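# Working through the structure, step by step
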Amino acid sequence: MKYKGIIFDLNGTLVNSLEDISDAMNNVLTSLNYPTHTYNTYQYFIGSGLRNLVGKALPESNNTEIDIENCFNCMINEYREICTLKTKPYAGIVELLDDLVSRDIKLAVFSNKADELTKKIASEIFPNYFNTAVGLSSEALKKPNPFEALEISKNWNLKTEEIIFIGDSDIDMLTATNAKMFPLGVSWGYRTEEELIASGAKFVINTPSELIDIL
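Residues numbered from 1 in each chain as written. Predicted model: local features only at pLDDT ≥ 70, side-chain atom pairs only at ≥ 80, totals over all residues. Heavy atoms only, no water.

A word on the side chain of glutamate 148. Its location among the elements puts glutamate 148 in helix H7 (residues 147-156). An unpaired buried charge is present at glutamate 148: no salt bridge exists, and lysine 119, the closest side chain of opposite charge, is 8.1 Å distant. Every residue in contact with glutamate 148, bar those within four places of it in the chain, is listed here: Phe110, Val134, Ser137 and Leu141. (Helix = DSSP H or I, 4+ residues; strand = E, 2+ residues; numbered from the N terminus. Buried < 20%, exposed > 50% of the residue type's maximum accessible area, 1.4 Å probe, protein only. Lys, Arg positive; Asp, Glu negative; His and termini not counted. Salt bridge = Lys/Arg side-chain N within 4 Å of Asp/Glu carboxyl O. Contact = heavy atoms within 4.5 Å.)

Next up, the structure:
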């Protein structure tokens, strides 16, 4: 088998966390008497980390670095309390993970979500599936920086060409390309198939089970 490891993005790939993220940010905006946003709008705010999302969600008149930092801290506090309230795996994901485990495929999560929250969601929703779950600990290491992906490959003692990097965004495809891993897009997340292909996806799957065909 050519591929021996798979690194998954989290939001929009393994789980649909759109509503919990949106609700947490809207709670902060409401508390400040700022306009809120729809779930559809937040769909395009997600992907580059929660701090980036806060900057996009704040009104232009209240969007200084100080505003963003203060609201980011409030948003994290809100989100920490509800991050698994509405968040659920996409259909077929658990069955896919069971299949991959049975094939002795190494599995990891690499997300631009804060490291603490990435680990919390991965461990609570997918206990015992991932030996590594890495989130954002420093803005400098944010995807598409491939550093964490490369660290995972080293820990697995695998060549990068033996690893599939799977995600739903242009950021994920760029990360995979930068790490010299196989960029695999999923169509059920927050971006279109066209965006994924334009960003370097070698293939885009429409259901989790299609990943087995690629293996």
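Turning next to the sheet that holds strand E5 (residues 132-136). Two pairing modes exist for strands in a sheet, parallel and antiparallel, and in both the strands are linked by backbone hydrogen bonds. Spatial strand order, E5-E4-E1-E6-E7-E8: six strands in an open sheet with parallel pairing. What marks the edges here is a single partner per strand, and that holds for E5 and strand E8 (203-205). Strand-to-strand twist of the sheet, defined as the mean angle between neighbouring strand axes without regard to direction, takes the value 25 degrees. (Pairing = 2+ DSSP bridges. Axes fitted to C-alpha atoms, helices over the stretch in contact; angles between N-to-C directions.)

Looking now at the environment of alanine 179. Counting through the fold element by element, alanine 179 comes out in helix H8 (residues 170-179). C-alpha of alanine 179 to C-alpha of asparagine 145: the two residues are 34 residues apart in sequence and 8.3 Å apart in space.

Another aspect to go through is the pairing of strand E7 (residues 182-186). A large share of E7 lies buried, amounting to four of its five residues. For the handedness criterion, the β-α-β arrangement of strand E6 (residues 163-167), H8 and E7 is classed as right-handed. Two elements, E7 and E8, share three bridges in a ladder whose sense is parallel. Residue pairing across strands places glycine 185 opposite valine 204, the latter belonging to E8. Note that the unit made of E7, helix H9 (residues 193-198) and E8 has a crossover that is right-handed. (Right-handed = clockwise from strand over helix to strand, strands pointing away.)

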